[in-house]
Amino acid sequence: MNRFERFPEPHGEAEVRYLDGEFRILRPGSFVRCAVTGQAIPLDELRYWSVDLQEAYFDPQAVLTRVRERPAG
């Protein structure tokens, strides 16, 4: 996502492709859900995600929780 892209007007959950340092909106919406907590994250506040798992996270604590859940290897 870059600063020139407009956020969609429709309310509801967006479908997003998470990339390195940015994300691409595949289906318009105003938020995504945290993969750990289930909280809605407005797209303009989305800061944390995993490219490998294609998941969004509400905050750094949610990221840490997910990392601790994953098996080493």
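Position numbers for residues start from 1 in each chain and track the written sequence from start to end. Residues qualify for local features only when their pLDDT is at least 70, as the model is predicted, and side-chain atom pairs are given and counted only at 80 or more; totals for whole chains, interfaces and linings, by contrast, use all residues. Computation of side-chain values covers all heavy atoms of the structure but excludes hydrogens and water.

Chemist: How would you sum up the overall build of the chain? Please name residues and give values.
Modeler: Secondary structure elements are taken from DSSP: a helix is a run of H or I of four residues or more, a strand is a run of E of two residues or more, and numbering for both begins at the N terminus. A tally of regular secondary structure across the chain gives 1 helix and 6 strands. Under the scheme applied here, a residue whose accessible area is under 20% of the maximum for its type counts as buried, over 50% as exposed, and between as partly exposed, the area being computed with a 1.4 Å probe on protein chains only. Residues counted as buried form 25% of the 73 residues belonging to the chain. Should any heavy atoms of two residues lie within 4.5 Å, those residues are considered in contact. Taking contacts inside the chain between residues at least 6 apart in sequence as the whole, the part at least 24 apart equals 25%. Counting only carbon and sulfur atoms, one obtains 48% of the accessible surface of the chain, whose full area is about 5200 Å². Shrake-Rupley sampling with a 1.4 Å probe provides the accessible areas, and residues are treated as covered by the protein chains on show and by no other component.

Chemist: Could you give an account of unusual backbone geometry, with specific residues and numbers?
Modeler: In this structure, Q54 takes a positive phi of about 55° despite not being glycine. With respect to the element layout, Q54 can be found in the loop between β5 (48-50) and β6 (55-57). Judged by its relative accessible area of 26%, Q54 is partly exposed.

Chemist: Any chance you could break down the pattern of salt bridges for me, citing the residues and the numbers?
Modeler: What makes a salt bridge here is a side-chain nitrogen of Lys or Arg within 4 Å of a carboxyl oxygen of Asp or Glu, nothing more. According to the stated counting rule, one finds 4 salt bridges in the structure shown. With a closest N to O distance of 3.9 Å, E13 and R33 form a salt bridge. Residue E13 is found in the segment before β1 (15-19), and its partner R33 is found in strand β3 (residues 31-33); the two are separated by 20 residues along the sequence. Residue class for E13 comes out partly exposed when judged on its relative accessible area of 37%. Of the charged contacts, one joins E55 and R66 as a salt bridge, the two residues approaching to 2.9 Å between their closest N and O atoms. Linking E55 in strand β6 with R66 in helix α1 (residues 60-69), this pair joins segments that are 11 residues apart in sequence. On the basis of relative accessibility, which here comes to 18%, the residue E55 falls in the buried class. We classify R66 as buried; its relative accessible area is 16%.

Chemist: Please set out the packing of aromatic side chains residue by residue, giving values where relevant.
Modeler: The description of two aromatic rings rests on the distance between their centres and on the angle between their planes. Whether two aromatic rings pair depends on their centres lying within 6.5 Å, for rings of Phe, Tyr and Trp, where Trp uses its six-membered ring; planes under 30 degrees apart make the pair stacked, over 60 edge-to-face, and the rest tilted. Inspection of the entire model under this criterion finds 2 aromatic pairs. Considering the side-chain rings of F23 and W49, the 5.4 Å spacing of their centres and the 85° angle between planes classify their relative orientation as edge-to-face. Here F23, found in strand β2 (residues 22-27), pairs with W49, found in strand β5; they are 26 residues apart in sequence, far enough to count as distant. Each residue in the set Y18, F23 and W49 is aromatic and connected to the rest through ring pairs, giving one cluster.

Chemist: How would you sum up the nonpolar core? Please name residues and give values.
Modeler: Note that soluble globular proteins tend to have their nonpolar side chains buried in a common cluster. Residues A14, V16, Y18, F23, V32, C34, I41, L43, L46, A56, Y57 and A62 constitute the largest nonpolar core, which totals 12 residues. Broken down by secondary-structure element, the contributors of at least two residues to this core are β1 and β6. Residues belong to a common nonpolar core when they are buried Ala, Val, Leu, Ile, Met, Phe, Trp, Tyr or Cys residues joined through side-chain atoms within 4.5 Å.

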